[in-house]
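Observations on the model geometry
Read off the chains here:
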Amino acid sequence: MSITLNVNGAEHQVDTTPDTPLLWVIRDYLEMTGTKFGCGMAMCGACTVHMDGQPIRSCSTPVQLAAGKKITTIEGVSSSAASPVSRAVQQAWDDGQVVQCGYCQSGQIMSAIALLEKNPKPTDADIDSAMSGNICRCNTYQRIRGAIKEASKQLV
Amino acid sequence: MRWINNETRAELARSFQEIDGLASPQESRRHFLKVIGGIGAGLTLAVSSPGTLAKMLPTGVTAAEGEAFAPNAFVRIGTDNRVAVVIKHVEMGQGTYTGLATLVAEELDADWEQIDAVGAPADGKRYNNLYWGPMQGTGGSSAIANSYQQMRIAGATAKAMLVAAAAQRWNLPTAEISVNKGVLSHAGSGRKATFGELAELAATLPVPDEKSIRLKEPEEFTYIGTSMPRKDVGKTDGTAIYTQDVWLEGMLTAVVAHPPRFGTKVKSFDAKEAKASNRVVDVIQIPTGIAVVAKDYWSAKVARDKLNIEWDESRAMDKSTDQIMAEYREISKKRGGVAHDHGSVGDALDSAKTVIEATYEFPYLAHAAMEPMNCVALVNKDSCEIWNGEQFQSIDQMNIGKLLGLPVEKVKLNMLFAGGSFGRRANPVSDYLVEAVHIAKAKMGTPIKLVWSREDDMQAGYFRPAYVHRVRGGLDAEGNIVGWEQHIVGQSILTGTPFGQGIKNGVDHSSVEGASTLPYAIPNLRVEVTSTEEQVPVLWWRSVGHTHTAYSTETFIDELAVKAGQDPVDLRMKLLADHPRWQGVLKLAADKAGWGKALPKGWGRGVAVHESFNSYVAQVAEVSVADDGKFKVERVVCAVDCGVPINPDVIRAQMEGGIGFGLAPALVSAITLKDGKVVESNFHNYQVLRINQMPEVEVHIVPSAAPPTGVGEPGVPPIAPAVANALAAVTGKRYYSLPIKV
Ligand code: FES
Ligand code: FES
């Protein structure tokens, strides 16, 4: 069936089955590869995107649930139109030299932006609960925590 | 990974003979440009939209190829003033694109901003790992160590030629020309030129003899020892390209239905239902299972679930890990092959006042790199091209060449960023690459992206082997350690690999490293090993043998110290009197951690020190234990001596990452088998560390002028024993199996 998706402000028509996970529509149909596949069962957060501003695991979200919603991917938060929070987070990530292999980081950054959009001054416990769904096998967690705090400082 | 057998050496030497012919600098340069040009050309043809081309090269090199100044295999300078540093090792997070580029930038006196790091093509002649002979590949924390001189000479040579070019253009003696941050200048006349402005002229000059090249003295370093920002860019905005992200014209995606147990083959299959979808293109039987080829991943996966496969399980693995461990425990009580023996441990233990005995158990572990294994392969009649987080170039070329009947140079490997590896991508049988090539061979002319699901990745084996260690130690009446006997039981990683040279008299060094090399001054020490055989494929896993030997040795020495009424740090310092670098990190970590200072109630401190891959690391862990036994690793103070610290921030990052990586098996990770089936399948039951479990980590680097050594692995071994020792300090109990249960 044909589904209309709004991704990063642009409308896309995709012809797919309604239960196809949003992740694979973004990656294989729209050919936007910044959103990553890590587990396929909402356990790792590599596929995190925003749906109407909420962080969701796109690997476990059937595409039909995304129809009519505003989807934002890592590409969307990296454009010039990005929000101040997005810019602060990415800047803090670069300044803090957070990444190692980098494969988890699109998801980490999407989760961090969603956290700070809602809660600009998160406590350690807030960070733990917002970020513990995002695995980093390179274990960059200490720097992720530091970068979130740094971005928070820039924002308030 | 340091021992390549003669057979492989000979085969590799034969393979590279043809390339060998191109020895003169001019020819090398032409060949080099051809190779580099080939990367671009191949991609231009193959990439579906021009916009993606820039993204395909890991860092988007902009140098104009035809005009590039390429004095050697590692440096290329364009008229646009960009400097491309060709990196022969895979970037999998460890920071090698930054570290190796630093070495070139240092000696070239380039501006850091003008440097791009770009992945080398596969060429075992030009880009071999100098520690591995004629073989290109990454592992054993060797990238910086084997490249230290090579990359510096490459940079210094390029600089000498640029200086010569300036001297010629300005008609001045070379001695009067200085180079600073990418600009050549002459103080007297005020003349200035950039690298880009001199690139074409420099390219016409002779390459100076290596012997005439002067390298900087450490006190002249400006980049080495400074935390330059990373060069593996594009990782915070989604533009970095991993294998999973490769898009080629006409490419199809393949998933494979793998056997449920090791040792199983396909008996028959029915693909009618699977083929019903119009997005499924083909279903193919390959040696490792049934491949579904489709227009996208999800269609392929859904179709795979609809396959009806009958497996031939007549030779299937049917053991459970409980049974394996029970067998290993029995074996550990008997004698094994001798890995190390000095003094007379039997007598020493017989006459000891106190003998302590411990049996340690370590489960299988999966690497679980964040990017599940995947590979893009294109097979044509007389060539093959691969896109992969390519870690084991020469071995992969050989295995694929053999499969296709092609000479190795016809197997072109494009090295992309790897979404982690931890050893997994350096596979002696090139398992997932060969699988991709089998499918691509059946679909000749069509690029195939093989995608493993997390479940495929986690259940494919190539695990860190399971081990049992039996250790006995004796104390005399004064509390001195008089004897230590250790028997390690588990599968050999090196058997049957090209690194079989590491097996001597039946002793696989990689099973005992760290124990057979125990540095403590103990008068009677014997370490034995029994290599078992199981149907479970095993592989090196970040820090290899040290993953388990550091645990048994560092918790056992701690137990002996406490038993002898001695402070664990003091005792270690005393027994390490002949090992100043061990002592150096131990003392630094203990001092910075405030060893001996009071802690809150329910908290404990533990220490461990270990050398691996010629780097020395000590860690002090602080844990808090609640009344219900729940505990948290609160803080870790780490000291590392890795010789000249090339990039302190990357070293810190690798220690932090290594600590988190090593904490996972200490706290939560284990692979188990039930009747031959791998029980764990994804992150819900193979747990790894999450942010709420990550302690605060503090890293201190020992200043050193010794040749630099690796940091990718050495941060891992000490953390589990440091945590166990800290727990013991609180609970008074010892923990003999991982993951730790309090
Ligand atoms: S891929 Fe979606 S949570 Fe892991
Ligand atoms: S940076 Fe490698 S998984 Fe997070």
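The name given to chain B in an unreviewed UniProt entry is Xanthine dehydrogenase family protein molybdopterin-binding subunit, with the source organism recorded as Microbulbifer harenosus.

Going by an unreviewed UniProt entry, chain A carries the name (2Fe-2S)-binding protein and comes from Microbulbifer harenosus.

Assigned secondary structure in chain B consists of 18 helices and 28 strands. Taking 2.2 N^0.38 as the reference for a compact globule, 742 residues should give roughly 27 Å; the C-alpha atoms of chain B span a radius of gyration of 27 Å, in line with that estimate. In terms of principal-axis extent, the alpha carbons of chain B reach across some 80 × 75 × 45 Å. The buried share of chain B, reckoned over its 742 residues, is 64%. Contacts in chain B between residues far apart in sequence, at least 24 positions, make up 76% of those at least 6 positions apart.

A few words on the pattern of salt bridges. Residue and element names in this part refer to chain B. Enumeration over the complete set of coordinates arrives at 49 salt bridges over all chains. Of the charged contacts in the structure, one is a salt bridge between Lys443 and Asp282, with a shortest N-O distance of 2.9 Å. Here Asp282 lies in strand E9 (residues 280-286) and Lys443 lies in the loop between helix H11 (431-442) and strand E17 (448-451), a separation of 161 residues in the sequence. Lys443 gets classed as buried once you look at its relative accessible area, which sits at 16%. Two residues, Arg652 and Asp649, come together in a salt bridge whose shortest N-O distance is 3.6 Å. Linking Arg652 with Asp649, this pair stays in helix H17 (residues 648-667), spanning 3 residues, or about one helical turn. With relative accessibility at 29%, the residue Arg652 sits in the partly exposed group. Overall, the relative accessible area of 17% leaves Asp649 in the buried class. Salt bridges sharing partners connect three or more residues here, namely Arg335, Arg472, Glu485, Arg526 and Glu528.

Moving on, we get to helix H5 (residues 143-170) of chain B. Residue and element names in this part refer to chain B. Helix length check: H5 (28 residues) gives 39 Å between terminal C-alpha atoms against 40 Å at 1.5 Å per residue, within 8%. Within H5, the axis deviates most sharply at Gln149, by approximately 40°. Counting buried residues in H5 gives 22 out of 28 residues, a clear majority hidden from the surface.

Pairs of aromatic rings are described using the distance from one ring centre to the other and the angle between the two planes. Residues and elements named next belong to chain B. Applying the stated criterion to the full structure yields 24 aromatic pairs over all chains. Between Trp112 and Tyr223 the ring centres are 5.8 Å apart and the planes differ by 50°, which places this aromatic pair in the tilted class. Of this pair, Trp112 sits in the loop between helix H4 (96-108) and strand E3 (115-119) while Tyr223 sits in the loop between helix H6 (195-203) and strand E7 (252-257); the two residues are 111 residues apart in sequence, bridging distant segments of the chain. The same class applies to Trp112 and to Tyr223, which are both buried. Ring geometry for Tyr364 against Phe463: centres 6.1 Å apart, planes inclined by 55°, an arrangement best described as tilted.

Take the sheet that holds strand E5 (residues 183-186) of chain B next. Residues and elements named next belong to chain B. Here we have 3 strands laid out as an open sheet, ordered E4-E5-E6, and antiparallel in their pairing. A strand with exactly one partner marks an edge of an open sheet, and here the two such strands are strand E4 (177-180) and strand E6 (191-194). Strand-to-strand twist in this sheet, taken as the mean axis angle between neighbours without regard to direction, amounts to 25°. One ladder, built from 4 bridges, connects E4 with E5; its direction is antiparallel. Opposite Asn180, over in E5, you have Val183 as the bridge partner. Most of the contacts of H6 go to E6, to which it runs at about 80°, and overall it touches E4, E5 and E6.

The interface is formed by 61 residues belonging to chain B together with 48 residues belonging to chain A. Roughly 4500 Å² is buried in total at the junction of chain B and chain A, and carbon and sulfur atoms are behind 56% of that figure. Among the residues chain B hides against chain A, the three largest losses belong to Thr236, Met370 and Ile691 of chain B. Together they make up 19% of the total. The interface formed by chain B and chain A includes 4 salt bridges. In this structure, Lys36 of chain A and Asp245 of chain B form a salt bridge, with 2.5 Å as the shortest nitrogen-oxygen distance. Our enumeration of links across chain B and chain A arrives at 27 residue pairs in polar contact (both at pLDDT 80 or more). Going through the elements one at a time, helix H7 (297-305), helix H12 (454-459), H17 and strand E28 (696-701) of chain B are the ones with two or more residues in the side of chain B that touches chain A.

All names here are of chain A. In terms of domains, chain A is made up of domain 1 (2-77) and domain 2 (84-155). Put simply, the middle of domain 1 and the middle of domain 2, counted by C-alpha atoms, are 21 Å apart. Contacts between the two partners involve 17 residues from domain 1, matched on the other side by 13 residues from domain 2. Taking both partners together, domain 1 and domain 2 bury about 1300 Å²; carbon and sulfur atoms supply 57% of that area. Broken down residue by residue, the surface that domain 1 buries against domain 2 is led by His50, Ile74 and Val77, which jointly contribute 35%. If you look at where domain 1 meets domain 2, you find 0 salt bridges. Linking domain 1 to domain 2 there are 6 residue pairs in polar contact (both at pLDDT 80 or more). Elements with a minimum of two residues in the side of domain 1 that touches domain 2: strand E3 (48-51), strand E4 (54-57) and helix H3 (74-77). Residue composition of the side of domain 1 that touches domain 2, by class: 8 nonpolar, 7 polar and 2 charged.

Residues and elements named next belong to chain B. Taken as a whole, chain B shows an average pLDDT of 91; of its residues, 91% reach a score of 70 or greater. Taken as a whole, residues 12-67 scores under 50 in pLDDT and shows 106 contacts with residues more than four places along the chain or in a different chain. Complex prediction metrics read pTM 0.93 and ipTM 0.98.

Between two packed helices, what matters for the description is the angle formed by their axes and the separation of those axes. All names here are of chain B. Where H5 meets H6, the closest approach of the two axes is 9 Å, and the angle between their N-to-C directions is 85°. As the angle between them shows, H5 and H6 are arranged roughly perpendicular. Of the residues in H6, those touching H5 at Met161, Leu162, Ala165, Ala166, Gln168 and Arg169 are Phe195, Glu197, Leu198, Ala199, Leu201 and Ala202. For the contact of H5 with H6, a count of residues per class yields 9 nonpolar, 1 polar and 2 charged.

Backbone hydrogen bonds hold the strands of a sheet together, and the pairing may be parallel or antiparallel. Residues and elements named next belong to chain B. One open sheet accounts for 3 strands, arranged E1-E2-E3; its pairing is mixed. Either end of the sheet is taken by a strand with one partner, and the two such strands are strand E1 (75-77) and E3. Going from strand to strand, the sheet's axes swing by 25° on average, the running direction of each strand aside. Pairing between strand E2 (residues 83-87) and E3: 5 bridges, direction parallel. Bridge pairing links Val83 to Ile115 in E3.

Residue and element names in this part refer to chain B. Along its sequence, chain B is carved into domain 1 (40-220), domain 2 (243-314 + 373-451) and domain 3 (321-365 + 463-731). Computed from C-alpha atoms alone, the centre-to-centre distance between domain 2 and domain 3 is 37 Å. Between domain 2 and domain 3, the residue contacts involve 12 residues of the former and 17 residues of the latter. For the pair domain 2 and domain 3, the summed buried surface comes to about 1100 Å²; carbon and sulfur atoms form 75% of the total. The three residues of domain 2 that bury the most area against domain 3 are Phe262, Phe422 and Pro428, which together make up 55% of that side's buried surface. Scanning the region where domain 2 abuts domain 3 turns up 0 salt bridges. Across the contact surface, domain 2 and domain 3 share 4 residue pairs in polar contact (both at pLDDT 80 or more). A class-by-class count of the residues in the side of domain 2 that touches domain 3 yields 7 nonpolar, 3 polar and 2 charged.

Conventions adopted
- Residues numbered from 1 in each chain as written.
- Chains lettered and ligands numbered in written order.
- Predicted model: local features only at pLDDT ≥ 70, side-chain atom pairs only at ≥ 80, totals over all residues.
- Heavy atoms only, no water.
- Helix = DSSP H or I, 4+ residues; strand = E, 2+ residues; numbered from the N terminus.
- Rg over C-alpha atoms; globule rule 2.2 N^0.38 Å.
- Buried < 20%, exposed > 50% of the residue type's maximum accessible area, 1.4 Å probe, protein only.
- Contact = heavy atoms within 4.5 Å.
- Salt bridge = Lys/Arg side-chain N within 4 Å of Asp/Glu carboxyl O.
- Expected span 1.5 Å × (residues − 1).
- Bend = angle between axes of the 7 residues up to and from the residue.
- Phe/Tyr/Trp six-rings, centres within 6.5 Å; stacked < 30°, edge-to-face > 60°.
- Pairing = 2+ DSSP bridges.
- Axes fitted to C-alpha atoms, helices over the stretch in contact; angles between N-to-C directions.
- Buried area = accessible area lost by both parts, 1.4 Å probe.
- Polar contact = N/O pair within 3.5 Å; in protein donor to acceptor, adjacent residues only side chain to side chain.
- Domains from an automatic or database assignment.
- Nonpolar A, V, L, I, M, F, W, Y, C, P; charged D, E, K, R; others polar.
- pLDDT = per-residue confidence, 0-100.
- Parallel < 35°, antiparallel > 145°, perpendicular 65-115°, else oblique.

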